[in-house]
Amino acid sequence: MGASINPDIFEKVQTTLVDALGVDEEEVTEDATLVGDLGAESIDFLDIVFRLEKAFNIKVERGELFPEDILSSAEFVLNNRVNEQGLAELRERLPFIDLSEFEKNPVVQEFPRHMTVADMCRFVEYKLQ
């Protein structure tokens with residue numbers, strides 16, 4: 001999966017995350033997770049989105065990168081777990097994110113822990129198409 005990441009996009013995403021999260025550049029690898037490895041919290045995601053919009057001159061709609069509407073919907077979540085319909089919705093809405101690990105144990109609060117730097121890079125590429 002690593003070979004498919006555009007190095008120019010990775011570099012800008014890396015800089016964005018270093019600035020937003022106050023981490024060291026070498027910590028921001030393609031497979032680093034935003035929450036687990038880089039310590040991002042929910043408040044940081046707004047800053048990250050804002051910085052990505054500026055860095056790449058893109059517009060990120062609410063819920064486009066962090067699908068709170070799916071993760072908080074009774075239609076898609078039962079007992080704090082995303083159901084099959086919700087997973088299908090996530091796959092359709094977030095084609096740039098590898099959801100395979102999340103699908104094994106789709107607990108709502110775990111969703112952000114699975115998002116990697118590579119996912120962010122693929123998202124930006126997706127937006128630039």
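Analysis parameters
- Residues numbered from 1 in each chain as written.
- Predicted model: local features only at pLDDT ≥ 70, side-chain atom pairs only at ≥ 80, totals over all residues.
- Heavy atoms only, no water.
- 1 Å grid on protein atoms, 1.4 Å probe; cavity = no way out; pocket = protein on both sides within 12 Å on 5 of 7 lines; lining within 4 Å.
- Points joined across faces, edges and corners; volume = space filled by probe spheres on them.
- Helix = DSSP H or I, 4+ residues; strand = E, 2+ residues; numbered from the N terminus.
- Nonpolar A, V, L, I, M, F, W, Y, C, P; charged D, E, K, R; others polar.
- Axes fitted to C-alpha atoms, helices over the stretch in contact; angles between N-to-C directions.
- Parallel < 35°, antiparallel > 145°, perpendicular 65-115°, else oblique.
- Left-handed = near helix turned anticlockwise from the far one by under 90°.
- Contact = heavy atoms within 4.5 Å.

## What to know about the layout of surface pockets
Link 1 in the chain: Its boundaries defined by the atoms lining it, the largest pocket holds a volume of some 550 Å³.
Link 2 in the chain: Considering every element that reaches the lining of the largest pocket, the biggest residue donor is helix H2 (residues 42-56), with six residues.
Link 3 in the chain: When grouped by side-chain class, the residues that make up the lining of the largest pocket number 14 nonpolar, four polar and eight charged.

## Topic: the packing of helix H1 (residues 7-21) against H2
Link 1 in the chain: Across the interface, H1 lies against H2 with an axial gap of 9 Å and an inter-helix angle of 140 degrees. Taken as axis vectors, H1 and H2 run oblique relative to one another. Regarding H1 and H2, the two cross each other, and that crossing is right-handed. Contacts from Ile9, Lys12, Val13, Thr16, Leu17, Asp19, Ala20 and Leu21 of H1 reach H2 at Asp44, Asp47, Ile48, Arg51, Leu52, Ala55 and Phe56.
Link 2 in the chain: For the contact of H1 with H2, the class distribution of residues is nine nonpolar, one polar and five charged.

## Focus on the packing of H2 against helix H6 (residues 117-128)
Link 1 in the chain: One way to put it is that H2 packs onto H6 with a least axis distance of 12 Å and a crossing angle of 45 degrees. On the basis of their axis angle, the class for H2 and H6 is oblique. Two packed elements cross with a definite hand, and for H2 against H6 that hand is right-handed. From H2, Ile48, Leu52 and Phe56 reach across to H6, where they touch Met120, Val124 and Leu128.
Link 2 in the chain: Taken together, the residues of the contact of H2 with H6 break down into six nonpolar, no polar and no charged.

## Comments concerning the side chain of Glu53
Link 1 in the chain: Tracing the chain through its elements places Glu53 in helix H2.
Link 2 in the chain: When neighbours within four sequence positions are excluded, Glu53 is seen to be in contact with Ile58, Lys59 and Val60.

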